[in-house]
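Here are the chains, one letter per residue:
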Amino acid sequence: MNKILTTLFIATFLFFCAPVNSQSLDQRTIRIGINSDEVFTTIRIQSFSGNWRVEFGGASPTRDLLTEGEDCTIMLVPKGMVARFSDGKEFGQGYNSITISGGELLNFEIPDQPPVLLQGILEVGYKETSIQLVNKISVHQHVVSSVSKIGITNEPESLKALCVMARTRLAWHLANPQHKEENYDICDKDHCFPFSGCGYNRELVDILASMTSDQTLTYGGKVIMPRYHNTCGGRISSARDIYGEDEPYHPSHPDLLDGKGSENCFHSPGFHWSIELQKADFLDFLSLAFAGGAERVYTGWEPAKVDANGRIYQVTLRGRLPKSISGIEFHRELSEYFGPNGIKSMKFTMELLRRTIIFRGMGQGEGVGLCIYGADGLAKKSQKYLEILKFYYPGTEVKMKAEK
Ligand SMILES: [Zn+2]
Ligand SMILES: [Zn+2]
């Protein structure tokens, strides 16, 4: 008896001593909040390929199969979620969760939004008056989907650098959850990491993600939150200036390789840009984007602080009570109001005419960390992905395998 107990004890002890993270990072599951900032009460899902199990959870759980080509509409009503399949089957009990899994590709649509293709598991739940969607896929699948979407290039070395950047961002979010109140690890918005399903997946990116499997960027032994943008316009700004964050691996430096021609992102359509806006439209923007009662009506604005690279990082809104906001916040509002092709970055000058303002700028995005067009330019200048990563994240190391 004693011997059995001892054996059991040792077995248990060994079990708990086994490496907790023996699973590779790329195989780990990541939970993504889909359309997390939208409010919607109806979704339509369709099996694009494979047969999907649909499990309804609640007081009287039940399940069904969504076969290839078949679709199903899920609606949130006061008693919970109800569903109707295209073959006429109804699930009207009112469920608090619906889990869809087991197939290959799932197409889903919410009203007024383009359809999105998903892999893995889709969990449908609700909070207050909106359906909530969580897509569970592997870190590898997320890397492939996000890099396929943001990578503008076919240069393997540049795409490999993006794969390591993307994986590092996911690893950082798994370790530092920003949505603790929610049932997901990361959302699909820019502040976490944009995700638009697997509909853009590229075979080449899949291969390169596997080739760089498990590799992450560390600084002082810790996984970093690597920043990136589309085009810096020749000069990269520091995280300290732009975000007020002390991140030594995000310094200010020119996007220029010594002795190798022009700026690395010079070929980007966003390197130089200009746009002419009506003064009246800009006033509308100020009052709509920053309005907050009669006390806060803003009738003008001016750059308050500009960094050494010409990027405006603090803005003063003029009105009865002037207000100071960050350049990043101002730019996010500008992009929302005038669209992504309006004012592409905060690195610009203005020419005031009688009725209009001409904005002349350089770069697209926030301008800190890896410049996507610059990474492409560096690959074209024969730089390897580890050199590209060192260039944009100085002082970091690439850890080759996830910690055991
Ligand atoms: Zn988020
Ligand atoms: Zn650049």
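Residues numbered from 1 in each chain as written. Chains lettered and ligands numbered in written order. Predicted model: local features only at pLDDT ≥ 70, side-chain atom pairs only at ≥ 80, totals over all residues. Heavy atoms only, no water.

Structural notes on the overall build of the protein chain
Looking only at helices and strands, the protein chain features nine helices and 26 strands. Across its three principal axes, the protein chain shows a C-alpha extent of roughly 85 × 50 × 40 Å. Taking the contacts inside the protein chain whose residues are at least 6 apart along the sequence as the reference set, 66% of them involve residues at least 24 apart. When the accessible surface of the protein chain is split by element, carbon and sulfur atoms take 52% of a total near 19,800 Å². When the 43 basic and 47 acidic side-chain charges of the protein chain are each reduced to a single mean position, those positions are 4 Å apart. (Helix = DSSP H or I, 4+ residues; strand = E, 2+ residues; numbered from the N terminus. Contact = heavy atoms within 4.5 Å. Areas by Shrake-Rupley, 256 points an atom, 1.4 Å probe, with all protein chains shown as cover. Lys, Arg positive; Asp, Glu negative; His and termini not counted. Charge placed at Lys NZ, Arg CZ, Asp CG, Glu CD.)

So, the side chain of His 250
With respect to the helices, strands and loops of the structure, His 250 is situated in the loop between α5 (239-243) and β18 (253-254). If sequence neighbours within four positions are ignored, His 250 has contacts with Met 225, Pro 226, Arg 227, Ser 237, Ser 238, Ala 239, Val 368, Gly 369 and Tyr 393.

Observations concerning the domain arrangement of the protein chain
Domain boundaries in the protein chain define domain 1 (42-128), domain 2 (141-267 + 366-399) and domain 3 (272-362). The C-alpha centroid of domain 3 is placed 43 Å from the C-alpha centroid of domain 1. (Domains from an automatic or database assignment.)

Considerations on the environment of Gly 69
Considering the arrangement of structural elements, one finds Gly 69 in the loop between β4 (62-66) and β5 (71-77). Given the relative accessible area of 43%, Gly 69 is considered partly exposed. Residues Gly 69 and Glu 90, 21 residues apart in the sequence, show an inter-C-alpha distance of 18 Å. The contacts of Gly 69, once residues within four sequence positions are left out, are Gln 46 and Ser 47. (Buried < 20%, exposed > 50% of the residue type's maximum accessible area, 1.4 Å probe, protein only.)

Some words on the coordination of the zinc ion (ligand 1)
On the protein side, the zinc ion (ligand 1) has His 179 (NE2), Cys 187 (SG), His 191 (NE2) and Cys 192 (SG) as donor atoms, found 2.1 to 2.3 Å from it. One can describe the site at the zinc ion (ligand 1) as tetrahedral: its four donor atoms subtend angles covering 103 to 117° at the metal. The sequence pattern formed by the donor residues of the zinc ion (ligand 1) is H-x7-C-x3-H-C. (Donors = N, O, S within 2.8 Å, 3.2 Å for Na, K, Ca; no water. Tetrahedral: all angles 85-135°; square planar, octahedral: opposite > 155°, others 65-115°.)

A word on the coordination of the zinc ion (ligand 2)
Distances from the zinc ion (ligand 2) to its protein donors, namely Cys 232 (SG), Asp 255 (OD), Cys 265 (SG) and Cys 371 (SG), fall within the range 2.1 to 2.3 Å. What the four donor atoms of the zinc ion (ligand 2) show is an angle range of 100 to 122° at the metal, which sorts the shape as tetrahedral. When the donors of the zinc ion (ligand 2) are listed by position in the chain, the intervening gaps give C-x22-D-x9-C-x105-C. Of this pair, Asp 255 sits in the loop between β18 and β19 (272-278) while Cys 265 sits in the loop between β18 and β19; the two residues are 10 residues apart in sequence, bridging distant segments of the chain. The class of Cys 265 is buried, set by a relative accessible area of 0%.

Details of the pattern of salt bridges
On inspection of all chains with the given rule, the structure shows 20 salt bridges. A salt bridge links Asp 87 to Lys 89, with the shortest nitrogen-to-oxygen separation between them at 4.0 Å. Asp 188 serves as the salt-bridge partner of Lys 189, at 2.9 Å between the closest nitrogen and oxygen. Counted as one network, the salt bridges with shared partners bring together Asp 37, Asp 188 and Lys 189. (Salt bridge = Lys/Arg side-chain N within 4 Å of Asp/Glu carboxyl O.)

Some words on the side chain of Ser 345
If you trace the backbone, Ser 345 turns up in the loop between α7 (327-338) and β23 (348-352). A polar side-chain atom of Ser 345 sits 3.3 Å from the main-chain carbonyl oxygen of Gly 363. Excluding anything up to four places from it in sequence, Ser 345 contacts Trp 273, His 331, Met 362, Gly 363, Gln 364 and Gly 365. (Polar contact = N/O pair within 3.5 Å; in protein donor to acceptor, adjacent residues only side chain to side chain.)

Quick notes on the confidence of the model for the protein chain
Note: predicted coordinates in regions of low pLDDT should not be interpreted at a detailed level. Averaged over all residues, the pLDDT of the protein chain is 92; the fraction at 70 or higher stands at 93%. For the stretch residues 7-19, pLDDT sits under 50, and the model shows one contact to residues farther than four places along the chain or on other chains. (pLDDT = per-residue confidence, 0-100.)

Quick word on empty space enclosed by the protein
According to the stated counting rule, one finds two cavities of 30 Å³ or more in the structure shown. Its volume calculated, the largest cavity comes out at about 60 Å³. Lining the largest cavity are Ile 242, Arg 311, Ile 312, Tyr 313, Gly 327, Ile 328, His 331, Met 346, Gly 365 and Glu 366. Of the residues forming the lining of the largest cavity, the biggest block, three residues, is contributed by α7. The computed volume of the second largest cavity comes to approximately 40 Å³. Forming the walls of the second largest cavity are Ser 145, Ser 146, Lys 149, Ile 150, Pro 194, Phe 195, Ser 196 and Gly 197. Within the lining of the second largest cavity, the residues separate by chemical class into three nonpolar, four polar and one charged. (1 Å grid on protein atoms, 1.4 Å probe; cavity = no way out; pocket = protein on both sides within 12 Å on 5 of 7 lines; lining within 4 Å. Points joined across faces, edges and corners; volume = space filled by probe spheres on them. Nonpolar A, V, L, I, M, F, W, Y, C, P; charged D, E, K, R; others polar.)

Considering the pairing of strand β1 (residues 29-34)
The sheet contact formed by β1 and strand β12 (residues 130-138) spans six bridges and is antiparallel. Within β12, the position partnered with Thr 29 by the bridge is Ser 138. In the sheet, β1 pairs with strand β13 (residues 186-187) via two bridges, with the strands oriented parallel. Bridge pairing in β13 links Gly 33 to Cys 187. (Pairing = 2+ DSSP bridges.)

Section: the sheet that holds strand β15 (residues 222-223)
Here we have three strands laid out as an open sheet, ordered β15-β14-β26, and antiparallel in their pairing. Each edge of the open sheet is held by one strand with a lone partner, namely β15 and β26 (397-399). The pairing of strand β14 (residues 216-219) with β15 spans two bridges and is classified as antiparallel. When the sheet's bridge partners are listed, Thr 218 is paired in β15 with Val 223. Strands β14, β15 and β26 of the sheet are contacted by helix α3 (residues 156-175), whose axis makes an angle of about 65° with β14. (Axes fitted to C-alpha atoms, helices over the stretch in contact; angles between N-to-C directions.)

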